[in-house]
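Per-entry structural report
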Amino acid sequence: MTETRLRFPPSPTGYLHIGGARTALYNWLYAKKNNGKLILRIEDTDADRSTKESIQGILDGLDWLGIDYDEGPFFQTDFHDDHVTSAQKLLDNGSAYKCFCTKEVLDAKREAAQAAKQQRGYDRTCRHLSPEEIAEKEAANIPYVLRFKVPERTGTLGYDDKILGRIESNYSELDDFVIVRSNGKPLYLLCNVVDDIRDRISHIIRGQDHMTNTIKQILLYEALDAPQPVFAHMPLTLDTKKAKISKRSHGEIVAIQFYRDNGFIPWAFNNFLALLGWSAGNDQEFFTKEELIEAFSLERINKSSAIFNYRKNDPKFFTDPKAIYINEHYLRTMDIGALAVMVKRELVAENIWDPRYDEDKKEWYLSTLALIRDRFHTLKDFASLGRAYFAEDFTVEPKPLKKNVLKFEGLKEWLPELANRYEALESFNLEETERVARELATELEIKPGIIINGMRTVVTGQLAGPSMFDILMAIGRERVILRLRNIDNLFA
RNA sequence: GGCCCCAUCGUCUAGUGGUCUAGGACACCGGCCUCUCACGCCGGGAACAGGGGUUCGAGUCCCCUUGGGGUCACCA
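Throughout this document, residue positions are counted from 1 along each chain, in the order its sequence is written. Each chain is given a letter, starting from A, and each ligand a number, starting from 1, according to the order in which they appear as written. Only residues with pLDDT of at least 70 are given local features in this predicted model, and only at 80 or more are side-chain atom pairs given and counted; all residues enter the totals for whole chains, interfaces and linings. In computing side-chain properties, one takes all heavy atoms of the structure into account and sets aside hydrogens as well as water.

1. A few points about the overall build of chain A
Selection rule: Only DSSP runs of H or I covering at least 4 residues are called helices, and only runs of E covering at least 2 are called strands; the numbering of each starts at the N terminus. In this description the radius of gyration comes from C-alpha coordinates, and the expected globular size is given by 2.2 Å times residues to the power 0.38. Burial classes: relative accessible area under 20% of the type maximum marks a residue as buried, over 50% as exposed, and values in between as partly exposed (1.4 Å probe, protein chains only). Residue contacts follow a heavy-atom distance rule, with two residues in contact if any of their heavy atoms lie within 4.5 Å. Only the protein chains shown count as cover for residues, with accessible areas throughout obtained via the Shrake-Rupley method and a probe of 1.4 Å.
Looking only at helices and strands, chain A features 23 helices and twelve strands. The C-alpha atoms of chain A give 32 Å as radius of gyration, which overshoots the globular expectation for 492 residues (23 Å, by more than 25%). Structurally, chain A occupies a C-alpha span of about 110 × 50 × 40 Å along its principal axes. For chain A, with 492 residues in total, the buried portion stands at 48%. Long-range pairs, those at least 24 residues apart, make up 74% of the contacts in chain A with a sequence separation of at least 6. Of the roughly 24,400 Å² of accessible surface on chain A, a fraction of 49% belongs to carbon and sulfur atoms.

2. Considerations on the packing of helix 1 (residues 18-33) against helix 10 (residues 266-274)
Formally: To get an axis, a line is fitted to the C-alpha atoms, and for a helix only the part in contact is used. The angle between two axes follows their N-to-C directions and goes from 0 to 180 degrees. Throughout this description, any angle smaller than 35 degrees is read as roughly parallel, any larger than 145 degrees as roughly antiparallel, any in the 65 to 115 degree range as roughly perpendicular, and the remainder as oblique.
Put simply, helix 1 and helix 10 touch, their axes get as near as 10 Å, and they point 90 degrees apart. Relative to helix 10, helix 1 is oriented roughly perpendicular. Judged by residue contacts, Ile18, Ala21, Arg22, Leu25, Tyr26 and Trp28 of helix 1 engage Trp267, Phe269, Asn270, Leu273 and Ala274 from helix 10.

3. Focus: the layout of surface pockets
For the record, the criterion: Any residue with an atom within 4 Å of a point lines the site, the site being either a cavity, points on a 1 Å grid over the protein atoms alone where a 1.4 Å probe fits but cannot get out, or a pocket, an open set with protein on both sides within 12 Å along at least 5 of 7 lines. Grid points are joined across faces, edges and corners, and a volume is the space filled by probe spheres set on the points. By the convention adopted, Pro, Cys, Tyr, Trp, Phe, Met, Ile, Leu, Val and Ala count as nonpolar, Lys, Arg, Asp and Glu as charged, and the other residues, Gly among them, as polar.
Here the largest pocket is characterised by a volume of approximately 1,200 Å³. Forming the boundary of the largest pocket are 40 residues, of which Ser11, Thr13, His17, Asp209 and His210 lie nearest the centre. Within the residue set of the lining of the largest pocket, elements represented by two or more residues are strand 1 (5-8), helix 1, helix 6 (188-198), strand 9 (203-207) and helix 8 (247-250). By residue number, the principal contributor to the lining of the largest pocket is helix 1, which donates four residues. In terms of residue class, the lining of the largest pocket is made up of 13 nonpolar, 16 polar and eleven charged. When its volume is computed, the second largest pocket comes out at roughly 650 Å³. If you go around the second largest pocket, you meet 28 residues; those closest to its centre are Lys103, Leu106, Arg110, Arg147 and Val178. Breaking the lining of the second largest pocket down by element, the ones donating at least two residues are helix 4 (103-115), strand 5 (145-148) and strand 8 (178-180). Top contributing element to the lining of the second largest pocket by residue count: helix 4, with six residues. Of the residues assigned to the lining of the second largest pocket, the class counts are 13 nonpolar, four polar and eleven charged.

4. A closer look at the packing of aromatic side chains
Selection rule: The aromatic pairing rule takes the rings of Phe, Tyr and Trp, using the six-membered ring of Trp, and pairs them if the centres are within 6.5 Å, calling planes under 30 degrees apart stacked, those over 60 edge-to-face and the rest tilted.
Applying the stated criterion to the full structure yields 28 aromatic pairs. On the basis of an interplanar angle of 40 degrees and a centroid distance of 5.8 Å, the ring pair of Phe269 and Phe272 is categorised as tilted. Placement of the pair is Phe269 and Phe272 together in helix 10, with a separation of three residues, close to one helical turn. Exposure class is identical for Phe269 and Phe272. Each is buried. Connected via pairs of aromatic rings, a cluster forms that spans Trp64, Phe258, Tyr259, Phe264, Phe269, Phe272, Phe308, Tyr310 and Phe318.

5. Digging into the protein's contact with RNA strand B
To be explicit about the condition: It suffices for a single heavy atom of a residue to lie within 4 Å of a molecule or strand for the residue to be listed as near it. Side-chain atoms alone can form a polar contact between residues adjacent in sequence; in general such a contact is a pair of N or O atoms within 3.5 Å, and within protein one must be able to donate a hydrogen while the other accepts it.
Around RNA strand B lies a shell of 61 residues, among which Asp46, Arg181, Gly277, Arg375 and Ser467 are the nearest. Between RNA strand B and Lys316 there is a distance of 2.7 Å, counted from a phosphate oxygen to a side-chain nitrogen or oxygen. Contact between RNA strand B and Gly465: a base nitrogen at 2.7 Å from a main-chain N or O atom of the residue. Elements that contribute at least two residues to the surface near RNA strand B include exactly helix 4, helix 7 (211-223), strand 12 (306-307), helix 12 (321-333) and helix 20 (448-460).

6. Considering the nonpolar core
For the record, the criterion: Residues grouped as a nonpolar core are buried Ala, Val, Leu, Ile, Met, Phe, Trp, Tyr and Cys residues, joined through side-chain atoms within 4.5 Å.
Core analysis: the biggest nonpolar cluster contains 138 residues, and Phe269, Tyr365, Phe390, Leu418, Tyr422, Met455 and Leu484 have the highest contact counts within it. In terms of residues, this core owes the most to one element, helix 1, which gives nine residues. Excluding anything up to four places from it in sequence, Phe269 contacts Ile18, Trp64, Leu65, Ile256, Tyr259 and Phe264. Core analysis: the next-biggest nonpolar cluster, separate from the first, contains nine residues, Tyr97, Leu106, Leu129 and Val145 among them.

7. Concerning the pairing of strand 7 (residues 165-170)
Here is the rule we go by: Strand pairing is assigned whenever DSSP identifies at least 2 bridges connecting the two strands.
Sheet analysis places strand 6 (residues 156-161) next to strand 7, joined by six bridges and oriented antiparallel. If you follow Asp160 over to strand 7, its bridge partner there is Arg166. Between strand 6 and the antiparallel strand that follows it, strand 7, lie three residues.

8. Notes on helix 7
Rules: Expected helix span is given by 1.5 Å per residue-to-residue step, counting one fewer step than there are residues.
Over its 13 residues, helix 7 extends 19 Å from the first C-alpha to the last, a length consistent with the 18 Å expected when each residue adds 1.5 Å. Within the span of helix 7, buried status applies to Asn213, Thr214, Ile215, Gln217, Ile218, Leu219, Leu220, Tyr221 and Ala223. Positive phi shows up at Asp225, right after helix 7, with a value of about 60 degrees.

9. Digging into the pattern of salt bridges
The cut-off we apply is this: Think of a salt bridge as a Lys or Arg side-chain nitrogen and an Asp or Glu carboxyl oxygen that are within 4 Å of each other.
The tally for this structure, following the rule as stated, stands at 44 salt bridges. Lys344 is the salt-bridge partner of Asp358, the closest N and O atoms lying 2.8 Å from each other. One end of the pair, Asp358, is in the loop between helix 13 (336-349) and helix 14 (362-372); the other, Lys344, is in helix 13, with 14 residues separating them in the sequence. Since its relative accessible area comes to 39%, Asp358 is described here as partly exposed. Here Arg438 makes a salt bridge to Glu434, at a shortest N to O gap of 2.9 Å.

10. Some points on the sheet that holds strand 4 (residues 96-99)
The strand order across the open sheet formed by three strands is 4-5-8, and the pairing between neighbours is antiparallel. Only two strands of the sheet have a single neighbouring strand rather than two, namely strand 4 and strand 8. On average, each strand axis in the sheet is inclined to that of its neighbour by 45 degrees, with strand direction left out of account. By the bridge criterion, two bridges tie strand 5 to strand 8 in an arrangement that is antiparallel. Bridging from a neighbouring strand, Arg147 pairs with Val178 of strand 8.

Structural measurements only, silent on function.
What follows is the structure in structure tokens.
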């Protein structure tokens, strides 16, 4: 049995997006599951469109997701010689020929064919040139491209797709495609195959948009006398209008980077991506890394394309609701220590990180995270919605301010009074703080909720949150008293 | 337009001829819980694109129609 070798070959013409990441993930999962290797190959032969930033963006994206590779990154341009050698081999063994037709002539023919509603492939004018004619044109320095000579066979050419099943195409539909440009640079179709042969790729998992390439590439494998890999064409990721997702038309919402920058947990996002077009066949939707690798299989990938259900300008969801839901799930169930590391980055970025959270205040830090994480959606929320736990410069949101504070003028006296009683308390604990608060409400003949909710707003700035008295314990007596006494400022 | 692929709730999906009056999840709507808001729990609405076959029996197999997508470059 030969080694299982997969590859992810992005072209660095834009940042890593949802679709690309999912392709990478499926390749990675398959490699891991079969004790194989994953090779990262940057296909940068399009010099005009490839950029350094894009390469870095792809590398960063994969790194963030935790999709690691065993070999590479390789750069396709470094193997230019291989590509040229193979092209020459194809010319020598009669699998390719020189075509002297100019682009202008071809374009004109194509347009004419289209107008006449006929098939628009190359008419093979140069395929039958005699050696003399070729010599003549070469002597005249007419530029030429190299075209692959599609074998003159009847019937169909096909392969067994691991996802789609048997795929066949008629020989008569096949065009003599260009493999080398007139400037001597080999094209994608060829480079890709040559690289995959050299890298001994055994399985090619890629998007369905490559299906027509596959038929042509199979011919290339044959002409190059190389074993054909297993192909698996995964469904495409579409937007809510069923259009192909692209960075260009959808912007940052489809970029992996966006999810990193918006507080997603990397594994949660992988989990979401895995479920976009694949299911384990049962009701399981949360997987650890090990579980997902174990459960993954090509056969269970859906044939139909999946819609990335992001909602632009939705006040409640800034992306696919399911992605957020999965993120929330991990946020509240993951190991608190691991979460602490992620939240630290957020607090550091906001300049509200205290180094003691790693030392003598570690226990407080961890228990506070455990207390507040239940209501959060992303990592970002710890530094924004949860700011009051870590800093004094939190903002009091307008809605709770109006509803819970300004509506009750009396709070101006009541909360400072409560602060006094908290200060006098022998022991500032859960039971005592609640007892005192309710006692005060009874004395004042008001509903305890007025005191409690007013206090929540004043102490945390938020409309909602954990149980009030748990909050008190987390914030601590000193800071609670200061904030309660500070209520006047809110009426100003 | 040619060729290719696809088709179950709004979205992700389960379903491989009978156990489907179609199951789960998200989202949505009620209710419970409650100091708020979530979580959680309970409940609700919501789909087999249409038409023909095959079969005792079809969401499941076949055909047609319709719809969606992909691809038709000296891009990758």
